[in-house]
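Structural overview
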Amino acid sequence: MSWARDAIPFYVMLPLDVVSRDGVLENKEVLEVALDALARVGVDGVMVDVWWGIVERKQPRNYDWTPYYELFQICEKLGLKVQAVMSFHACGANVGDVYEIKLPDWVLESGIQDPDLFFTDQYGYRNPECISLWADDARTVAGRTPRECYRDFMVSFRDTFENLLQTTISEIAVGCGPCGELRYPSYPENKRSPNSSQWRFPGIGEFQCYDQRALGALARHAAEVGRIEWGGSGPHDCGGYNNLPQETGFFRADRGSWDSEYGQFFLDWYAKELIKHGDKTLQTTREVFDYDITGVNVAIKCAGVHWWYNSRSHAAELTAGYFNTRSGDFAPERDGYEPIVKICAKYNARLNFTCVEMVDGDHPWFARCGPEGLLRQIRTAAAKHNVRVAGENALCRFDRSAYERIIYNARGEGDDVELWKTGEKLPPMECFTFLRMSRELFELYNFNSFKEFVKRIKENSSTTTTTTTAPTNATNNTGSLSITAPTSTFNTNGNASTNTASSGADVFSNSSSGNGGASTSATPTVPTGNAYIDNYNSSQENVSKKVPDSMDSIDEDDYELEDGFADRGEAPPLQEQVMSIVQLMNEL
């Protein structure tokens with residue numbers, strides 16, 4: 001395959017509750033008007049969760065595809081492509097989950113008979129968000145194994161929507177764990193369940209290897225390497241969900257247990273168990289959706305665990321299953337994402353990744369966040385193995401700095417294919433999916449800026465050379481890092497322009513014009529470790545005020561609606577359509 005030089009396909013993620021728990025496509029009239037509006041501004045398609053807990057909710061092998069058939073019919077009518085996510089997890093236990101969808105009742109009943117069906121932490125809490133990877137081949141789910149359940153579900157989907165594959169349904173993303181991501185449920189944030197562990201950012205999370213099947217696998221591996229004493233349980237000094245690395249014996253930077261022979265043994269086993277699960281799940285998916293027959297792409301999603309990325313141990317990544325550390329006194333540097341990239345290459349699958357809108361400065365300095373370096377690391381590994389990366393934003397944002405960052409990341413670097421193949425430069429993303437369609441998106445102010453965003457990401461991605469540079473790090477007086485905008489800017493007339501230096505009000509920035517946050521054409525050096533503290537402390541002397549970074553906080557008088565319709569009191573059909581969407585939503 002070769003990298004596409006055409007405009008990057010643009011998708012929008014549908015609401016979590018677009019299909020109700022009882023299998024009804026909600027508010028079809030509003031939905032069709034909204035999707036039509038998206039199609040008219042240049043959106044190519046939508047991403048939708050196909051929930052196991054909805055489709056097969058009644059009894060095993062009884063599949064209710066009716067609401068998804070109605071949705072796909074609307075998409076086909078409007079010419080929108082569909083990325084269908086096989087969501088074999090529950091909804092409600094992660095950041096941004098505003099709706100609750102359980103696993104099928106008959107699966108939860110199987111969990112009562114076999115409690116080790118679910119991931120378990122060191123306190124014995126069993127997480128019902130998804131089935132434990134160590135139970136993949138356990139025939140305890142109504143007479144089937146979980147892997148057989150997943151396969152039967154996907155076969156039924158394929159056979160039901162055979163006529164829409166390749167024409168309307170362009171991708172099948174298979175869920176491999178919590179939130180549909182290939183990871184362990186190490187940081188659950190289940191606000192609906194008081195008995196859950198209640199992780200909060202930037203806690204390191206916890207290892208999830210305490211169900212009996214997991215402990216058995218650990219004991220066998222310890223025996224194989226001749227260290228049977230290491231096989232009794234996970235690390236004893238790794239702290240709890242909300243600890244910081246320096247508060248634990250295992251994750252601390254100096255002489256932490258991760259940087260020891262035992263630590264390397266355990267982390268290697270823990271990560272490889274996750275990789276084996278991803279490999280088998282992708283194998284099953286590719287067998288069901290054979291590309292030569294269906295013409296459909298398959299994909300898995302990797303989590304953007306960016307907090308503590310700029311620390312030695314990468315604690316939060318380790319508990320999530322990504323063995324990605326810096327070199328220590330004993331341990332070598334490890335790339336925890338290349339094994340995931342390799343299984344994608346093995347099955348010709350895309351890798352979906354998030355954090356595309358983020359910069360390091362969006363987060364508190366003490367959390368050592370590194371979304372920029374994390375994204376680059378994964379994209380570099382993917383380029384070397386000829387794996388396509390599809391991007392998503394992690395948080396629903398409508399501000400210009402987020403849009404600028406997405407555009408910068410999506411289009412890649414330069415146009416030298418040979419440099420792309422080596423990972424020295426980053427190729428364009430395969431596609432971008434915006435999170436997510438909502439009432440706020442269709443507020444006229446947000447929708448106009450979103451329309452320009454879609455236009456610009458397509459214009460930039462179809463151009464092979466550009467002078468736009470990456471955002472640079474600065475700080476604000478709130479104690480967290482912020483960024484200056486890239487030199488490519490939004491003009492009030494809706495056109496894109498590029499500048500080689502800061503141009504005052506024309507550059508949308510999180511930094512005031514007088515605090516030294518001007519953009520630069522040089523490639524920025526991302527501060528890591530203690531450099532964050534040095535950067536923060538040294539910059540405080542120059543910070544005088546904070547400039548709002550959200551479009552909602554900008555005076556509407558400073559923003560012209562397209563072609564001055566607001567001034568003339570006129571509205572084109574598209575804007576009438578958007579306003580009708582908002583009105584219909586408000587009436588619900």
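Quantities reported herein were computed from a predicted structural model and do not represent experimental measurements.

Examining the overall build of the protein
- Assigned secondary structure in the protein consists of 17 helices and 14 strands.
- Burial analysis of the protein (588 residues in total) assigns 59% to the buried set.
- Within the protein, contacts between residues separated by at least 24 positions form 75% of all contacts whose residues are at least 6 apart in sequence.
- Entry remark: accessible area of the protein is about 23300 Å², with carbon and sulfur atoms responsible for 47%.

Describing the sheet that holds strand β7 (residues 297–302)
- Around the barrel, 8 strands lie side by side as β1-β2-β3-β6-β7-β8-β9-β10; this closed barrel has parallel pairing. For this sheet, the mean angle separating the axes of adjacent strands, direction not counted, is 30°.
- Relative to strand β10 (residues 431–434), strand β9 (residues 389–392) runs parallel, the two being bridged by 3 bridges. Bridge pairing in β10 places A390 opposite C431.

A short note on the side chain of T145
- Of note, T145 is situated in the loop between β5 (126–131) and α5 (146–160).
- With residues near it in sequence (within four places) discarded, T145 still touches D136, D137, A138 and R139.

Structural notes on the pairing of strand β6 (residues 169–174)
- Of all the 6 residues making up β6, 6 are buried; the element is thus mostly covered by neighbouring parts of the structure.
- Bridging between strand β3 (residues 81–87) and β6 involves 5 bridges; their strand directions are parallel. Of the residues in β6, the one forming a bridge with M86 is V174.

Some details on the pairing of β5
- Across 3 bridges, the pairing between strand β4 (residues 118–120) and β5 is antiparallel. Bridged to F118 within β5 is I131.
- From the end of β4 to the start of β5, which pair antiparallel, there are 5 residues, and G124 there has a positive phi angle of about 90°.

Some details on the environment of R439
- Within the element layout of this structure, R439 appears in the loop between β10 and α14 (444–461).
- Given the relative accessible area of 35%, R439 is considered partly exposed.
- Separated by 405 residues in sequence, R439 and A34 have C-alpha atoms that sit 9.9 Å apart.

Some points on the state of the cysteines
- Counted by the stated rule, this structure contains 0 disulfides.
- Not engaged in a disulfide, the cysteine C91 finds its nearest cysteine sulfur in C179; these two sulfurs lie 8.0 Å apart.
- Lacking any disulfide linkage, C302 is separated from the closest cysteine sulfur, that of C344, by 8.5 Å.

Considering helix α7 (residues 261–288)
- The end-to-end C-alpha distance of α7, which contains 28 residues, comes to 41 Å, matching closely the 40 Å that a straight helix rising 1.5 Å per residue would cover.
- Counting buried positions along α7 yields 22 of 28 residues, so the element is predominantly enclosed.

Section: the confidence of the model for the protein
- Summing up the model confidence of the protein, the mean pLDDT is 82 and the portion of residues at 70 or higher is 77%.
- Across residues 464–468, where pLDDT falls below 50, the model places 13 contacts with residues more than four positions away in sequence or in other chains.

Some details on α5
- With 15 residues, α5 should cover 21 Å at 1.5 Å per step; its first-to-last C-alpha distance of 21 Å lies within 8% of that length.
- For α5, the full list of buried residues reads P146, R147, C149, Y150, F153, M154, S156 and F157.

Reading the values: rules and limits
Residues numbered from 1 in each chain as written. Predicted model: local features only at pLDDT ≥ 70, side-chain atom pairs only at ≥ 80, totals over all residues. Heavy atoms only, no water. Helix = DSSP H or I, 4+ residues; strand = E, 2+ residues; numbered from the N terminus. Buried < 20%, exposed > 50% of the residue type's maximum accessible area, 1.4 Å probe, protein only. Contact = heavy atoms within 4.5 Å. Areas by Shrake-Rupley, 256 points an atom, 1.4 Å probe, with all protein chains shown as cover. Pairing = 2+ DSSP bridges. Axes fitted to C-alpha atoms, helices over the stretch in contact; angles between N-to-C directions. Disulfide = S-S within 2.5 Å. Expected span 1.5 Å × (residues − 1). pLDDT = per-residue confidence, 0-100.

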